[in-house]
Amino acid sequence: MFNPSQLAALSAILRAGSFERAAQMLHVTQSAISQRLRQLEEQVGTSLVIRSQPCRATEAGERLFRHAEEVRLLEQGVRRDLGLSAHTGGDAAGFPTLRLAVNADSLATWFVAAMQDIEGVLFDLVIDDQDHSADWLKRGEVRAAISGSAKPVQGCDCRPLGTLRYLATASPRFMAQWFEGDRVTAASLGRAPVITFNSKDRLQVRWAEEVLGVATTGPSHWLPSSHAFVDAAIAGLGWGMNPELLAGAALSDGRLREVVPGKPLDVPLYWHISRSVAGAMKPITETVIRASARVLRPIP
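Criteria and thresholds
Residues numbered from 1 in each chain as written. Predicted model: local features only at pLDDT ≥ 70, side-chain atom pairs only at ≥ 80, totals over all residues. Heavy atoms only, no water. Helix = DSSP H or I, 4+ residues; strand = E, 2+ residues; numbered from the N terminus. Buried < 20%, exposed > 50% of the residue type's maximum accessible area, 1.4 Å probe, protein only. Contact = heavy atoms within 4.5 Å. Areas by Shrake-Rupley, 256 points an atom, 1.4 Å probe, with all protein chains shown as cover. Core = buried A, V, L, I, M, F, W, Y, C linked by side-chain atoms within 4.5 Å. Pairing = 2+ DSSP bridges. Right-handed = clockwise from strand over helix to strand, strands pointing away. pLDDT = per-residue confidence, 0-100. Patch = residues over 30% accessible without salt bridge, like charges linked within 9 Å, V, L, I, M, F, W, Y side chains within 5 Å. Salt bridge = Lys/Arg side-chain N within 4 Å of Asp/Glu carboxyl O. Axes fitted to C-alpha atoms, helices over the stretch in contact; angles between N-to-C directions. Parallel < 35°, antiparallel > 145°, perpendicular 65-115°, else oblique. Nonpolar A, V, L, I, M, F, W, Y, C, P; charged D, E, K, R; others polar. Phe/Tyr/Trp six-rings, centres within 6.5 Å; stacked < 30°, edge-to-face > 60°. Lys NZ or Arg CZ within 6 Å of the ring centre and 35° of its normal.

**Concerning the overall build of the protein**
In terms of helices and strands, the protein carries 13 helices and 11 strands. Projecting the C-alpha coordinates of the protein onto the three principal axes gives extents of approximately 70 × 40 × 35 Å. Here the protein holds 300 residues, and 47% of them are scored as buried. Once local pairs closer than 6 in sequence are excluded, the contacts in the protein between residues at least 24 apart make up 72%. Accessible surface, the protein: about 14400 Å² in total, of which carbon and sulfur atoms supply 52%.

**What about the nonpolar core?**
In terms of nonpolar packing, the biggest core is built from 45 residues, with Phe111, Trp207, Trp239, Val259, Trp271 and Met281 touching the most fellow members. Leave out the neighbours within four places in its chain, and Phe111 touches Leu100, Val102, Ser106, Leu125, Ile146, Trp271 and Val288. Formed by 20 residues, the second largest nonpolar core is a distinct cluster that contains Ile13, Phe19, Val49 and Leu64.

**Brief notes about the pairing of strand β4 (residues 122–127)**
In this structure, strand β3 (residues 97–102) lies alongside β4, joined through 6 bridges in parallel fashion. Looking across to β4, one finds that Ala101 is bridged to Val126. In terms of handedness, the path from β3 via helix α5 (residues 104–116) over to β4 forms a crossover that is right-handed.

**A word on the pairing of β3**
The element β3 is largely enclosed, with a buried count of 5 among its 6 residues. Here 2 bridges tie β3 to strand β5 (residues 144–147), and the two strands are oriented parallel to one another. What sits directly across from Leu100, in β5, is Ala144.

**Focus: the confidence of the model for the protein**
Averaged over the protein, the pLDDT score is 91; the fraction of residues at 70 or greater is 97%. Averaged over each element, pLDDT in the protein is lowest for helix α4 (residues 59–81) (83) and highest for strand β9 (residues 240–243) (98).

**Here we look at a nonpolar patch on the surface**
Nonpolar side chains collect at one region of the surface, where Val78, Leu82 and Leu84 lie side by side and expose about 290 Å² of accessible area between them. Tracing the chain through its elements places Val78 in helix α4. Assessed through its relative accessible area of 46%, Val78 is described here as partly exposed.

**Description of the packing of helix α2 (residues 19–26) against helix α3 (residues 30–44)**
The N-to-C vectors of α2 and α3 enclose an angle of 105°; their axes lie 8 Å apart at closest approach. Between α2 and α3, the crossing angle belongs to the class labelled roughly perpendicular. Listed contacts from α3 to Phe19, Glu20, Ala22, Ala23 and Leu26 of α2 are Gln30, Ile33, Ser34 and Leu37. Partitioning the contact of α2 with α3 into residue classes produces 6 nonpolar, 2 polar and 1 charged.

**Re unusual backbone geometry**
A cis amide bond links Gln53 with the next residue in sequence, Pro54, at an omega value of 0°. Structurally, the position occupied by Pro54 is in the loop between β1 (49–50) and β2 (56–57). Backbone geometry places His27, a non-glycine residue, at a positive phi of 60°. For His27, a relative accessible area of 61% translates into the label exposed.

**Side note on the pattern of salt bridges**
Under the definition given, this model contains 12 salt bridges. Residue Asp157 pairs with Arg275 through a salt bridge whose shortest N-O separation is 2.8 Å. Taken together, the residues span a long stretch of sequence, with Asp157 in strand β6 (residues 156–170) and Arg275 in helix α12 (residues 275–278) at a distance of 118 residues. Overall, Asp157 belongs to the partly exposed group, its relative accessible area being 32%. One salt bridge in this structure joins Glu244 and Arg297, with 3.1 Å as the shortest N-O distance. With Glu244 in helix α11 (residues 244–252) and Arg297 in the segment after α13 (282–295), this pair connects stretches of sequence that are 53 residues apart.

**Quick notes on the environment of Gly120**
In this structure, Gly120 sits in the loop between α5 and β4. Each C-alpha atom of the pair Gly120 and Tyr270 lies 24 Å from the other, and the pair is 150 residues apart in sequence. The residues touching Gly120, leaving out its near neighbours within four places in the chain, are Gln76, Phe95 and Pro96.

**Digging into the packing of aromatic side chains**
One pass over the full model with this rule turns up 4 aromatic pairs. With 5.6 Å between their ring centres and 80° between their planes, Trp110 and Phe111 make a pair best called edge-to-face. Both residues of the pair, Trp110 and Phe111, belong to the buried class. Centroid distance Trp207 to Trp239: 5.3 Å. Interplanar angle 55°. Geometry classified as tilted. Of this pair, Trp207 sits in helix α9 (residues 203–212) while Trp239 sits in the loop between α10 (226–234) and β9, and the two are 32 residues apart along the sequence. An aromatic cluster is built from Phe174, Trp178 and Phe179, whose rings are joined through pairwise contacts. Between the NZ or CZ atom of Arg139 and the centre of the ring of Trp136, over which it lies, the distance is 4.8 Å.

This is how it looks when you write it as structure tokens:
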């Protein structure tokens, strides 16, 4: 059996990035942290932490770190079932860290509201495109993910969340400059600057394929920020697919316009969760589903 205080030391080092901050987090001396880690490394017979700035986990350290966090989640579930408080002390040092893969637009529009309603955990969010977030689950690097795929990852359960609606938007000045008479054609779309989140972002191309039947767009700005994406469209830098939830105010007051009115792109989202922690995370899953239902459209 692994010593809980040694596992806590490993978790604190990897969370905080240094032995000094780990000691502060656990309210012990730095030498105590070093000793606990050394004893744990002696038990497993290999190095667990790469002493860099910040400290990083070895492959064995990452696996043991995930085990430690799963144990914390399971213990918290037992406390909940027994009617005990999830708070195990005077601070959050004893809370489990929940590592999730979330797409940036969900984080910008509704997921923080879900986080607000979840007590007794610390969040470690990995931001990735909804078409790639499930890959983190396949590699065992997160416990749950918001994905655009309805196909469950092996060893995981899948629950529908809802549809996030995107609108192709641009400023009135941009429309006048690049789409003469507001007439958007395959040729004009191929010349006009577009805004792209990152190399995984296919939303602009998907919309162009559905609406105009073309699989290419014009030269791109690269802008990996959901809120700045809207700001860039308002500023006239290019056109792009913005969540209706973020672009609604600018559309209402005329700072943005739909490139082709009445042609949204609806992206379904699903909650994938590892079965190994599904029971312990049941209240979290329920909270995420409730929060998404308040904002997202139903999946057809």
